[in-house]
Every structure is written in structure tokens, then in C-alpha cells.
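Spelled out, the chains give:
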Amino acid sequence: MTIMNHKKFFTAAMLLAAALTASACGSYSSETKPKVNSVTPSGTFAGSYYEKSHVTDKEGKFWIPLKPAAASIGYRMKDDTSSGGYVKLGYTDVMYMLRPNSKQVFSLGQKLTLPDAPVRRDGQIYITPTALSKLLQTEVGWNPTTGEINIATPTDKDAGADNRNHAPGTLRIQSASNVDTAELVSYAKKFLGVPYDFGAGSYEDTKKFDCSSFTRHVFRKFDIELPRLARDQDNVGRRISRDELKAGDLIFFTVPGRFKSDAVPGHVGIYIGDGKFIHTWGEPGVQISELDTGYWENVTLHMQRVL
């Protein structure tokens, strides 16, 4: 991966009409929005914005606030002091975790060491562009004079491939005869209206869900342990067609434009029959939506059977 410094700052090759604005589990807004979306010389889309709060330290290192940088490519950020001081980033699920003053981070399921440890300054998390580049595993360009920051769209390593080759960990798959799907659906419906929260902790502690913690919580009730994140839940069970879909199956949705390939699951829900599925997404939290009409019809990725 190429890390560009200000001497190699890439020039926008084209402007897009609209910036990225929403993610698959709810809308997202930030006070600092990307000015433009550009394309790097290699053809990679990038979020571009101007950062007024950048800092150059005594060693000449350039530091930027993490939150607006993340927002420029549509990521949520949660500075969660209740979870061991971790700062969490992602779209619908947590994809990156870091802590102030530590070079050790989690990035798309990997443990990485950053060249510079993020720091907390004036209540915000600051990071160097080189460290941000390694955290996101993408190109980051910056101009210390103007404060312009360009962040290329991260490339998920599973994009465009069958990521089911990656072992999801221990999963006991039960037969349908061992799980009453009507009971599973009824249990899921008990949580209608429970608030959505990106990177939610356990329901027992927070009384909130994000999309994959909800599916995991429901299936755990029936002694089926799913991985924590949607992109990992997609690795278990077997792929089925729309015609085979029945209550209790998982449905995965893409987040258009967020990766180089739209084959990356960005949202997950549980089919409950009659063309409907239950999931959590923004307001009002856990809710029931139509699968074959409206927004969700156009972003359905595939269906998975784990029962």
C-alpha cells in the first residue's frame, strides 16, 4: 500500500455530484462534511475536505482530528470510554478500534501497529495521516499548508471474492427441527423499538443494538452463536436463493459505493416471512421492513441459512 505525503499529494481528477451521506444501519451526519469526492491517479475514489483544526507539532508532524476524517468517507465514530477507552470506527458495525497513546489497533479483524500513536487533544482524538493510512489500509493524502485531506475509499480484502472461505470460528449449526422458527421470530419481535446504537455493547448492559448485535442476540437465545459483525456472520451457514427464503434466515445487504466492490455485506436482518424482515436501523431502532419493495429491494446482497 502506498502512503502519500504532502510532496505526493494527489490531485482530484473529477468531482462527483454528491458526497456520501448515509450508511446501511441509519443516517449519519457530521459538522465537517467532505467538500468534494475525488479520484486518485490510480482511479480510487476519495473523500476530500479541508481541516481547519490541524496541528503541526515540534517535530514537524502533521496531526488531524480523527472524527471529521472518518466522516469524509462516511464512517461513524464512537469515542467509547466505557469499553476500555477504545475509539470505534465503521459503517454499521465496528471495523476499526484504537486507543489514545497506543500504537496497537484493530483494523478489519487484524492487529496492526501504527507508526504514530493517536493522542487526545482538546477533547478530540488526533492522528497523523500516515497512521490513519495504515489504520484504514488505504491511501491518505494531505497538504499541511491548506489543510486539505483526501482519503481513498478503503478496500475490503473480501471484496469481489467469496469471503465464505474464511472460517468464522466455532458455530454450532442446528437443524430446523431443533429450532422453532415461529418462536425465534416471536422472540425477535419482543425487541421492536429498542434503540439503534453504532458499536453497541451487550444488550444486557446497554439496552441497545446495532444490526449485527441484534441478530447475534436473537440467535444466541436459541443456542446458536453468530460472530459479532455482519461481514463475519456472512461466512456461516449456506447461501440460499430468494425462492428458498423462509423465516429465520439471515438477509445481507450491501452499502452502495462504500467499497470498491458492493459485494461487501454492510447490513443484516432476519427474515420473518410474508416478504418482511426484522432488523435495526436508525430510528426507531428495531423495526420490520418490506424486503421486495422500496429501498431494501435494491440493496439486497444475498440470503444465508444458519438454522
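Residues numbered from 1 in each chain as written. Predicted model: local features only at pLDDT ≥ 70, side-chain atom pairs only at ≥ 80, totals over all residues. Heavy atoms only, no water.

1. Quick look at the overall build of the chain
Helix and strand counts for the chain stand at seven helices and 21 strands. Taken across its 307 residues, the chain has 54% of its residues classed as buried. In the chain, of all internal contacts separated by at least 6 residues, the share reaching a separation of at least 24 is 58%. Total accessible area computed for the chain in this model is approximately 14000 Å², and 49% of it derives from carbon and sulfur atoms. (Helix = DSSP H or I, 4+ residues; strand = E, 2+ residues; numbered from the N terminus. Buried < 20%, exposed > 50% of the residue type's maximum accessible area, 1.4 Å probe, protein only. Contact = heavy atoms within 4.5 Å. Areas by Shrake-Rupley, 256 points an atom, 1.4 Å probe, with all protein chains shown as cover.)

2. Some remarks on the layout of surface pockets
Over the atoms, a rolling probe the size of a water molecule traces out where space has been left empty. By volume, the largest pocket amounts to about 510 Å³. Lining the largest pocket are 27 residues, and of these Ala200, Ser213, Arg216, Arg228 and Leu229 lie nearest its centre. When residues of the lining of the largest pocket are traced back to their parent elements, those giving at least two are strand S9 (94–98), strand S10 (104–107), strand S11 (110–113), helix H4 (203–206) and helix H5 (211–220). Here the lining of the largest pocket is composed, by residue class, of eleven nonpolar, eight polar and eight charged. (1 Å grid on protein atoms, 1.4 Å probe; cavity = no way out; pocket = protein on both sides within 12 Å on 5 of 7 lines; lining within 4 Å. Points joined across faces, edges and corners; volume = space filled by probe spheres on them. Nonpolar A, V, L, I, M, F, W, Y, C, P; charged D, E, K, R; others polar.)

3. Here's the deal with the packing of helix H3 (residues 181–189) against H5
Here H3 crosses H5 at 130°, and the two axes come no closer than 10 Å. On the basis of their axis angle, the class for H3 and H5 is oblique. Along this stretch, H3 crosses H5, giving a crossing that reads as right-handed. Contacts between H3 and H5 involve Leu184, Tyr187 and Ala188 from the former and Phe214, His217, Val218 and Phe219 from the latter. (Axes fitted to C-alpha atoms, helices over the stretch in contact; angles between N-to-C directions. Parallel < 35°, antiparallel > 145°, perpendicular 65-115°, else oblique. Left-handed = near helix turned anticlockwise from the far one by under 90°.)

4. What about the side chain of Ser212?
With respect to the secondary-structure elements, Ser212 resides in helix H5. Judged by its relative accessible area of 0%, Ser212 falls in the buried class. Contacts of Ser212, omitting those with residues within four sequence positions, involve Asp93, Arg228, Leu229, Ala230, Gln233 and Val268.

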